[in-house]
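# Examining the three-dimensional arrangement
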Amino acid sequence: MENIPEVTVVIPAYNAEAYLARAVDSVLVQEGCCYELIIVDNNSSDATARIARDYELRFPGQVRLLAEARPGASAARNAGLASARAPWVQFLDADDVLLPEKLQRQLIMIRPDLDWIVGTIRLRSQNGKETDADIATDLWWGLLTYTGLGHLNANLFRTGALRKLGGFNEEYLNCNDFELFFRLVQAGRRYAEDLVPGAVHIHHDGPRITNTNRVEMARRRLELTNRMISHLKVSRPDYFAANRTLINTALLRVIRKQATVDVDTATENFYRYFPGGYRKKDFEAARLPAFLLAYPVLGFGMVERVRLLLASILPSSLKGSS
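Not measured: the values here are computed from a predicted model. (Residues numbered from 1 in each chain as written. Predicted model: local features only at pLDDT ≥ 70, side-chain atom pairs only at ≥ 80, totals over all residues. Heavy atoms only, no water.)

## Things to note about the overall build of the protein
Check the secondary structure of the protein and you find 14 helices and nine strands. A compact globule built from 322 residues should have a C-alpha radius of gyration of about 20 Å, and the protein, at 21 Å, falls within 12% of that. Considering only C-alpha atoms, the protein reaches an extent of 70 × 45 × 35 Å along its principal axes. The proportion of buried residues among the 322 residues of the protein is 52%. Sequence separation of at least 24 residues holds for 79% of the intrachain contacts in the protein that already meet a minimum separation of 6. For the protein, the exposed surface amounts to about 15,000 Å²; the carbon and sulfur share of it is 53%. The averaged location of the 37 negative side-chain charges in the protein is 5 Å from the averaged location of its 40 positive side-chain charges. (Helix = DSSP H or I, 4+ residues; strand = E, 2+ residues; numbered from the N terminus. Rg over C-alpha atoms; globule rule 2.2 N^0.38 Å. Buried < 20%, exposed > 50% of the residue type's maximum accessible area, 1.4 Å probe, protein only. Contact = heavy atoms within 4.5 Å. Areas by Shrake-Rupley, 256 points an atom, 1.4 Å probe, with all protein chains shown as cover. Lys, Arg positive; Asp, Glu negative; His and termini not counted. Charge placed at Lys NZ, Arg CZ, Asp CG, Glu CD.)

## Structural notes on unusual backbone geometry
With phi around 45 degrees, asparagine 15 is a residue other than glycine that occupies positive phi space. Secondary-structure assignment places asparagine 15 in the loop between strand E1 (7-13) and helix H1 (20-28). The exposure class assigned to asparagine 15 is buried, which follows from its relative accessible area of 17%. You will see that glutamate 101, though not glycine, has its phi angle at about 70 degrees, which is positive. Secondary-structure assignment places glutamate 101 in the loop between strand E5 (97-98) and helix H4 (102-108).

## A few points about the packing of helix H10 (residues 244-259) against helix H13 (residues 300-313)
Interhelical geometry of H10 versus H13 gives an angle of 60 degrees and a closest axis separation of 10 Å. The angle between the axes of H10 and H13 places the two elements in the oblique class. H10 and H13 meet at a crossing whose hand is right-handed. Residue-level contacts link Leu252, Ile255, Arg256 and Ala259 of H10 to Phe300, Glu304, Arg307 and Leu308 of H13. Broken down by class, the residue content of the contact of H10 with H13 amounts to five nonpolar, no polar and three charged. (Axes fitted to C-alpha atoms, helices over the stretch in contact; angles between N-to-C directions. Parallel < 35°, antiparallel > 145°, perpendicular 65-115°, else oblique. Left-handed = near helix turned anticlockwise from the far one by under 90°. Nonpolar A, V, L, I, M, F, W, Y, C, P; charged D, E, K, R; others polar.)

## Quick notes on the packing of helix H8 (residues 214-235) against H10
At their nearest, the axes of H8 and H10 sit 9 Å apart, and the two run at 170 degrees to each other. Classified by the angle their axes make, H8 and H10 are roughly antiparallel. Handedness of the crossing formed by H8 with H10: left-handed. Taken together, the residues of H10 that come into contact with H8 (itself represented by Ala218, Arg219, Arg221, Leu222, Thr225, Asn226, Ile229 and Leu232) are Ile247, Leu251, Val254, Ile255, Lys257 and Gln258. Residue classes in the contact of H8 with H10 are distributed as eight nonpolar, three polar and three charged.

## Observations concerning the side chain of asparagine 269
Assignment of secondary structure puts asparagine 269 in helix H11 (residues 263-273). If we skip the residues at most four places from it in the chain, asparagine 269 touches Leu222, Ile255 and Gln258.

## Observations regarding the nonpolar core
It is characteristic of soluble globular proteins that their nonpolar side chains tend to be buried jointly. Grouped together as the largest cluster of nonpolar side chains are 55 residues, with contacts concentrated most on Phe157 and Leu252. Ignoring any residue separated from it by four or fewer positions in sequence, one finds leucine 252 in contact with Phe270, Phe274, Tyr278, Phe283, Leu288, Leu292, Tyr295 and Phe300. Counting 33 residues, the second-largest nonpolar core is a separate cluster that includes Val9, Val63, Trp88 and Ala133. (Core = buried A, V, L, I, M, F, W, Y, C linked by side-chain atoms within 4.5 Å.)

## What to know about the environment of glutamine 62
The residue glutamine 62 is located in the loop between helix H2 (48-58) and strand E3 (63-67) in this model. Given a relative accessible area of 26%, glutamine 62 falls into the partly exposed group. Sequence-wise, glutamine 62 and phenylalanine 291 are 229 residues apart; in three dimensions their C-alpha atoms are separated by 54 Å. Here glutamine 62 is in contact with Tyr35, Glu36 and Leu37, once residues within four sequence places are set aside.

## Regarding the pairing of strand E6 (residues 116-124)
With two bridges joining them, E6 and strand E8 (residues 156-158) adopt antiparallel strand pairing. Counterpart to tryptophan 116 in the pairing with E8 is phenylalanine 157. Of the pairings in the sheet, the one linking E6 to strand E9 (residues 191-202) comprises eight bridges and is parallel in character. Across the sheet, arginine 122 pairs through a bridge with valine 200, a residue of E9. Of the strand pairs in this sheet, E6 and strand E7 (residues 130-133) are connected by four bridges, and their pairing is antiparallel. (Pairing = 2+ DSSP bridges.)

## Some remarks on the side chain of aspartate 282
When you line up the elements, aspartate 282 lands in the loop between H11 and helix H12 (295-298). Among the polar contacts made by the side chain of aspartate 282, one reaches the side chain of arginine 279 at a distance of 2.7 Å. Once you skip the residues sitting within four places of it in the chain, aspartate 282 turns out to touch Thr245 and Asn248. (Polar contact = N/O pair within 3.5 Å; in protein donor to acceptor, adjacent residues only side chain to side chain.)

## Looking at the confidence of the model for the protein
The predicted model of the protein averages 92 in pLDDT, with 94% of residues at 70 or higher. In the predicted structure, residues 317-322 sits below a pLDDT of 50 and forms eight contacts with residues beyond four places in sequence or in another chain. (pLDDT = per-residue confidence, 0-100.)

Structure representation (C-alpha cells):
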C-alpha cells in the first residue's frame, strides 16, 4: 500500500540552479515523518528544471517536478498546493533551507483545532552572521510590521485551510506571504507557536522569485497595511482605539520603506495619511529613529532624501538605525 505523506513540501524555483540542490537536500534529511516534495519550475532559463528532474529520477514517488507558466511566487506556490497529497503543507524558497527535525517537531505540535504553526526563522546575512527573528507577542503588530508572525519557510499550514482561502493571492507578486497570513487571521484560523528555529532565510544578491519590482512591492505593502488597518477599525474597534499610536507607527514605517524606492510617492502618502505632519505623541516614538523629529522642520521628503544619501555613502557600521 502506498504511504500517504503527512506533509507536502513545495519549493517554487526560478533560475535557482545555484541554490536548489541545497534547499532540496535540506528537505531530504528530514526524519521522523513521511513527506513528499514538489518542485515547481517557474519559467527558469537556467539548469533549474534539469536539477529538479534529476532529483525526481533519484527519488521516484517522493520528489515530483511541476512546471508553472504563470509568473510569480504566488502562482508557483498555488500550483504546488493544488497538487499536494498531504494534509499539511510546507513552503520553502529555493534559495533557503530547512533545519533538521523541523517537520517532525511541528507535526508533533498539531492539534485538531489548529490550522497552522507559526515558526521562528533564522536569518543569515551575506557575511554569515545569523540572528533569530522573534515571534511578536502582539498578533497585529506582527502582521503590520511584516516580521513577527513567523516566516513562510518556518511555518506549517493545514492544506485544506489554505485551499478554502483560495491559496496565495496571485495579484500580489510580493508580500504574498503576509497577505495570506492576514486572511488566515481574518478567517479565525488558530495557530500555535514554534519558538525553535525551523528554517534559514539566506540573504544574497542573486535573483529571487519574489524580486520582481521593488516599487510595486512597496505599493502592495502599503495597500495591504491599509487593508489590515481597515479591518481593525471595523472588526476590532476597541483594539484600534487602544493601539492607535502603534498602528500609526506601523503605517509610517511602511511609508518610509516606500521612500527607499520611490520617495516622491512616499512623500505624497505621508501627507495623505498624516495631514498634520509628524507629531511625536501620535507614534510609538521608541520604535522609530530619533531623527524623525526633523520632519516638522525639513519635511518628510527632504529628511528621507538625506537619509538615502547618507545610506549610500556611509559604511554600514556607521549607518545605525534607520
